[in-house]
Amino acid sequence: MKDLFSSQKPAPIYYLIVMLVLSVMPLPGNAALSPANGTDFINTAPMKVTGKVVDETGTPMVGVSVVVPGTTLGTVTDVNGNYTIDLPEGQNHLSFSFIGYITQLVSVNSPIHNISMQPDLKSLDEVVVIGYGTQTKKDLTGSITSVGSKDFNEGLVSSPEQLINGKVAGVQIVSNSGSPTAGSTIRIRGGASLNASNDPLIVLDGVPLETGGISGNSNNFLSLINPSDIENMTILKDASSTAIYGSRASNGVIIITTKKGSGTLKVNVSSTQSIQHRMEVADILSPNEFRQVINSEGTAAQQALLGNENTDWNDKIFKLALGTDNNISISGNLKKKLPFRLSLGYFNQDGILKTDNAERVTGNLSLSPSFFDDHLKLNLNMKGTLNNNRFAYTDAIYAAAAYNPTIGVYSGNTDFGGYNEALGSDGTPTISGQVYNPVGLLMQYHSTSRVSRVIGNFDIDYKVHFLPELRTHLTLGYDYAKGKGWIYVPETAALYYSSGGRDYSYGPEKDSNKLLTFYLNYSKNIDPINSRIDFTAGYDYQKWIAKTNAYNVLNVAGESQSSTAAKDERHVLLSYYGRLNYTFDSKYLLTATLRRDGSSRFSQDNRWGLFPSVALAWHLSDEDFLKRFSLLSNLKLRLSYGVTGQQDGIGNYSYMPSYTISQDGAQYLLGDTYYYTYRAESYVSDLKWETTDAYNAGLDFGFFKNRISGSIDYYNRHTHDLLATVPAAAGTNFDETVTTNVGSMKSNGLEFTINGTPLSNKNWTWNISYNLTWEKVKITNLSLSEGEESTFMYAGQSFDDYYLQIMKAGYAPYTFYTYHQVYNEEGKPIEGMYADINGDNQITSSDLYCGKSPNPDFLMGLSSQLRFKEWTLGCSLRASIGNYAYNGTAMNTGALGTVSYNSYQLNNLSRSYLKTGFESRQYLSDYYIENASFLKMDNITLGYDLGEIFPQCKISVSGMIQNVFTITGYSGVDPEIYGGIESSFYPRARTYSLSIGINL
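Below is a short write-up of the structure. None of these values were measured; they are calculated from a predicted model. (Residues numbered from 1 in each chain as written. Predicted model: local features only at pLDDT ≥ 70, side-chain atom pairs only at ≥ 80, totals over all residues. Heavy atoms only, no water.)

## Some details on the overall build of the chain
In plain terms, the rule: We count a stretch as a helix when DSSP gives it H or I for four or more residues in a row; a strand needs E for two or more, and each element gets its number in order from the N terminus. Here the radius of gyration uses the C-alpha set of atoms, whereas the globule reference equals 2.2 Å times the residue count to the power 0.38. Under the scheme applied here, a residue whose accessible area is under 20% of the maximum for its type counts as buried, over 50% as exposed, and between as partly exposed, the area being computed with a 1.4 Å probe on protein chains only. Whether two residues touch is decided by their heavy atoms; if any such pair falls within 4.5 Å, the residues are in contact. The protein chains shown are the only cover counted for residues, whose accessible areas, like all others here, come from Shrake-Rupley with a 1.4 Å probe. Note that His is not counted, nor are the chain ends; the positive residues are Lys and Arg, and the negative ones are Asp and Glu. We put the charge of a Lys on NZ, of an Arg on CZ, of an Asp on CG and of a Glu on CD.
Each helix and strand in the chain was counted, giving 12 helices and 56 strands. Computed over C-alpha atoms, the radius of gyration of the chain comes to 32 Å, within 12% of the 30 Å expected from 2.2 N^0.38 for 1000 residues, which places it in the range of a compact globule. Considered along the principal axes of its C-alpha atoms, the chain spans approximately 105 × 65 × 65 Å. Here the chain, with 1000 residues, has 52% of them falling under the buried criterion. Across the chain, every contact between residues at least 6 apart in sequence was considered, and the portion connecting residues at least 24 apart equals 69%. Summing over all exposed atoms, the chain offers an accessible surface of approximately 44,100 Å²; the carbon and sulfur share of this is 56%. Averaging the coordinates of the 76 positive side-chain charges in the chain and doing the same for the 93 negative ones gives two points 9 Å apart.

## Describing the packing of aromatic side chains
Rules: Pairing of aromatic rings covers Phe, Tyr and the six-membered ring of Trp, with a centre-to-centre limit of 6.5 Å; geometry is then stacked below 30 degrees between planes, edge-to-face above 60, and tilted otherwise. Criterion for a charge above a ring: Arg CZ or Lys NZ at most 6 Å from the ring centre, at most 35 degrees from the ring normal.
The final tally for this structure, using the stated rule, is 33 aromatic pairs. Aromatic pair tyrosine 794 and tyrosine 817: ring centres 6.2 Å apart, planes at 55 degrees, arrangement tilted. Highlighted residues: tyrosine 794 in strand S43 (residues 792–799) and tyrosine 817 in strand S45 (residues 815–818), separated in sequence by 23 residues. Ring-pair connections join several aromatic residues into one group, and the members of that group are Phe799, Tyr823, Tyr886, Phe918, Tyr927 and Tyr928. Over the ring of phenylalanine 347 we find arginine 360, and its NZ or CZ is 4.8 Å from the ring centre. Here lysine 936 stacks its cationic end above the ring of phenylalanine 934, 5.4 Å away from the centre of that ring.

## Structural notes on the sheet that holds strand S5 (residues 93–97)
For clarity, the threshold we go by: Should DSSP find at least two bridges between two strands, the strands are regarded as paired. Under this scheme, a helix contributes an axis fitted over its contacting stretch, all axes are lines through C-alpha atoms, and angles between N-to-C directions fall in the 0 to 180 degree range.
In spatial order, the strands read S3-S2-S5-S6; together these 4 strands make up an open sheet with antiparallel pairing. This sheet does not close on itself; its edge strands, each paired only once, are strand S3 (74–76) and strand S6 (104–107). On average, each strand axis in the sheet is inclined to that of its neighbour by 20 degrees, with strand direction left out of account. Relative to S3, strand S2 (residues 65–67) runs antiparallel, the two being bridged by 3 bridges. For valine 67, the partnering residue across the bridge sits in S3 and is glycine 74.

## Observations concerning helix H4 (residues 287–297)
Note the threshold: The directions from the helix axis to the C-beta atoms form the arc being described.
Within H4 the residues assigned to the buried category are Pro287, Phe290, Arg291, Val293 and Ile294. Taken end-on, H4 shows its buried residues confined to a sector of 165 degrees, consistent with a single buried face. With respect to the buried face of H4, the exposed residues turned more than 90 degrees away are Gln292 and Ser296. Check the buried side of H4 and you find it contacts helix H5 (300–303) and helix H12 (913–916).

## So, the nonpolar core
Here is the rule: Within this scheme, the nonpolar core is defined by two criteria: the residues are buried Ala, Val, Leu, Ile, Met, Phe, Trp, Tyr or Cys, and they are joined through side-chain atoms within 4.5 Å.
Grouped together as the largest cluster of nonpolar side chains are 35 residues, with contacts concentrated most on Trp313, Ile317, Phe318, Leu353, Leu441 and Leu495. Contributing elements (two or more residues each) for this core: helix H6 (313–317), helix H7 (395–402), helix H8 (438–443), strand S24 (470–489) and strand S25 (502–526). Residue contributions to this core peak at 5 residues, all from H7. Beyond its immediate stretch of four places on either side in the chain, leucine 353 contacts Ile317, Phe318, Ala392, Thr394, Ile397, Leu442 and Tyr986.

## Some details on a positive patch on the surface
Selection criterion: Patch criteria: residues need more than 30% relative accessible area and no salt bridge. Like-charged residues are merged within 9 Å; nonpolar side chains of Val, Leu, Ile, Met, Phe, Trp and Tyr are merged within 5 Å. We count a salt bridge whenever a side-chain nitrogen from Lys or Arg sits within 4 Å of a carboxyl oxygen from Asp or Glu.
Together, Lys482, Lys510, Lys514 and Lys547 make up a region of like positive charge exposed at the surface. By the element assignment, lysine 482 lies in strand S24. Residue classification places lysine 482 among the partly exposed positions, given a relative accessible area of 33%.

## Let's talk about the sheet that holds strand S4 (residues 82–87)
Think of a sheet as strands paired side by side through backbone hydrogen bonds, with each pair either parallel or antiparallel. As summarised here, the arrangement of the 3 strands in space is S4-S1-S7, forming an open sheet in which the pairing is mixed. The sheet is open, and its two borders are formed by S4 and strand S7 (115–116), each paired with just one other strand. Alignment of strand S1 (residues 47–54) against S4, held across 6 bridges, turns out to be antiparallel. Bridged to valine 49 within S4 is isoleucine 85.

## Topic: the pattern of salt bridges
One pass over the full model with this rule turns up 35 salt bridges. The salt bridge partner of lysine 237 is glutamate 751, with a shortest N-O separation of 3.1 Å. Taken as a pair, lysine 237 in the loop between strand S15 (230–236) and helix H3 (239–242) and glutamate 751 in strand S41 (residues 744–760) lie far apart in primary sequence, 514 residues in all. Exposure class is identical for lysine 237 and glutamate 751. Each is buried. With a closest N to O distance of 3.9 Å, arginine 248 and aspartate 648 form a salt bridge. One end of the pair, arginine 248, is in the loop between H3 and strand S16 (253–258); the other, aspartate 648, is in the loop between strand S32 (632–646) and strand S33 (659–661), with 400 residues separating them in the sequence. The two residues arginine 248 and aspartate 648 agree in class, both being buried. Several salt bridges converge on common partners, so that one network encompasses Arg878, Lys936, Asp938, Asp974, Glu976 and Arg988.

Read these as geometric descriptors, not functional statements.
Below, the structure is given as structure tokens:
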């Protein structure tokens, strides 16, 4: 009997290739519940069945999988669509399957059986969530990417954005550090602003969330959403798709849809256990190398400070970190009237830096009943989160790089908690340039926070009985968060002497976000003119309030060190919007959008902004002149233009005069009495919207019934009236800097995505996806008024008041601004010698030059998943090309002069000193700017589906490694540094995890 790959004679090489690349596996989920044709009969003897398989046009199909259900017997059709298979005794069905076609289960009652396959348009008919509604994938006119839960990144995922890292062209997601309490920086098409927010708008189940954070969780506000509750994430990138959100959409939109209940009762349990260990750390001298340098180049006083220990301080502050993520959900449809889903989650992750920890408890309830034959649909979602954080004192990372490696951790006495500290002549750690014991910094600093958040929305969707084409939709949303923290540094700690100790709480901060959305949707086919219209018109009201109590920063003696004033800030956004989708002959599509936003952050004269967009799409593959190309499944051309706005990232009252009361110790003495004074803050009365004009041209394609599919997009954006903080001319305002509308910037880019299934049959499936992004951003003008000389601004992180980056017309934001280092004949940098850029034979600030950028030229992502029977092997890789980084740790510790700031303490050196021999820090030398291009394997996973080992109990297990490797020429800790300056970076860990899933 012939199995799937056997043959009576050698097959032609092209036939073997076709079988390998185009063969498909049966898809039981798509198979008919009963035979598609024929009459059931009892096959009492083996029978050889032959036949021919054709497509809907009668063309023979090669590579169709023909399988006897429930057995390992099968074959594939040849280049003429013919097949031959032996049907065993007692079997009377065959399954025919091919990607892009409906799988057919047929009853066979004769030796000859021909079949015609019908295309499965499910992929194009897939519903995609867009702003204020849904559309089928086929009808999309904008640049929109949807990632479902089956394609999410796996493993220990602490925050939702990590689910799609590397999955979407044009989207860059960079974790801010290796701490479990750290968040991520998300950029869609590079961002469009300078000082205003570049964060995308996040919409959770129809509720637009506020950007930023809250006390106690300021860096990772999005982590308060449990990733395991998310069903789908849709990314809106071009102005046509984002303009429906108007003033909040300049930097793209991410729409998050959570899971809902339906069908029979299901219980899902998942548990992931992990262990993390540190990867790279700062490249510093070993104890013996340090001794050699000090003994050969140090003074007698420095040599006397050398100890007899060999301490790796990084080993002392970092540890193996355990983590757990556990989730249980119950979903179903109570009495077939109340679809529901209830889930609980518990996440706990230690950081690899000692004393660092994040704990999260989540709950989620979804109810979605419908009434009156589905004319009235209700949807209630409630999400609750409680976060408990312990924050490590991350200055210990720098201390571990700099602290003397020839002395031990402990002093042998009880002073300063027993930790070995450098002491001055008075016996206290108050010497100039003091570096504290890194272990003591961690163990004697206690900072915790508790953050709670509740997000709820109630949707009412009514399809009008007397006019079913008309739907009314109402959404009421509420997002409330509360954050509070505590900090304690005991009087016995060395840190007490520089901080005065700490014993205080801050907050609570209470943030609320209220939403009312109401819109009408009219959708109707107009058969006489072969058209379809879909019109949406609506109104939004959203109000944000942030309140923080005043508090004093106290030392352990209860004395006030500083104070923070109470905050009660609020802003409101009102919106009116409309969108028309028009389709003619199922081939020509038009989308037109208009939104009018009013923001309380601007004066009445500039409060309202108008944001239009228009998009066209053409299904070329439906035209007669292309239908004859059977290999072509889909070809759609898209063109769009739109305007979006920006008002996030600025103050709520920047357009109006405001005054701040003076703090304790800053009162004015009049007579014998001290009076509090009010300080005027800077403001710009005519502050107005920052706006972005954007064009997009795209092409969607699919071949071999979408077995190969993808898209190409080119975009061009121009942002003007930038909201930026710039120096104010002397005497023109109440501060040195002012937030105002200044200048413009432009960006353009190319995005390419391709998905393929090279192999798919009964035993094997291989899916692979690749995306490429090229982008370029440039500031075009920074003049405050027309005809005025363009200004520039220092930006980014500074070292001892030396700024390394600049905002300047003609260059990308945050371009490095340094001297060009001069080298000797051996290639060694010459200390203090830089290129004379302006040719005046002296080195001054005019010789600083705009050099490399931290922004990459290219971003790439590659995902692959290979299935063999019940085994699954997957991996994800990312690459960044053309980005540069400044190795601040090497600069800070890379000069002999940093070994000792006093006569009581020694500091370690960066290994770069062995190459440079610098005597003093070279802050502005481009020697420390390095090419930080990299290739990373984010994860590799191996899973096994055990199937139903108990009645109605399916179990699957998987193992994963995250942060598998990094290939780079960068010499620092990690080349992936958003902003481009590495300084005592908290390293990202490698994670090993084991997961088990149980479905009941």
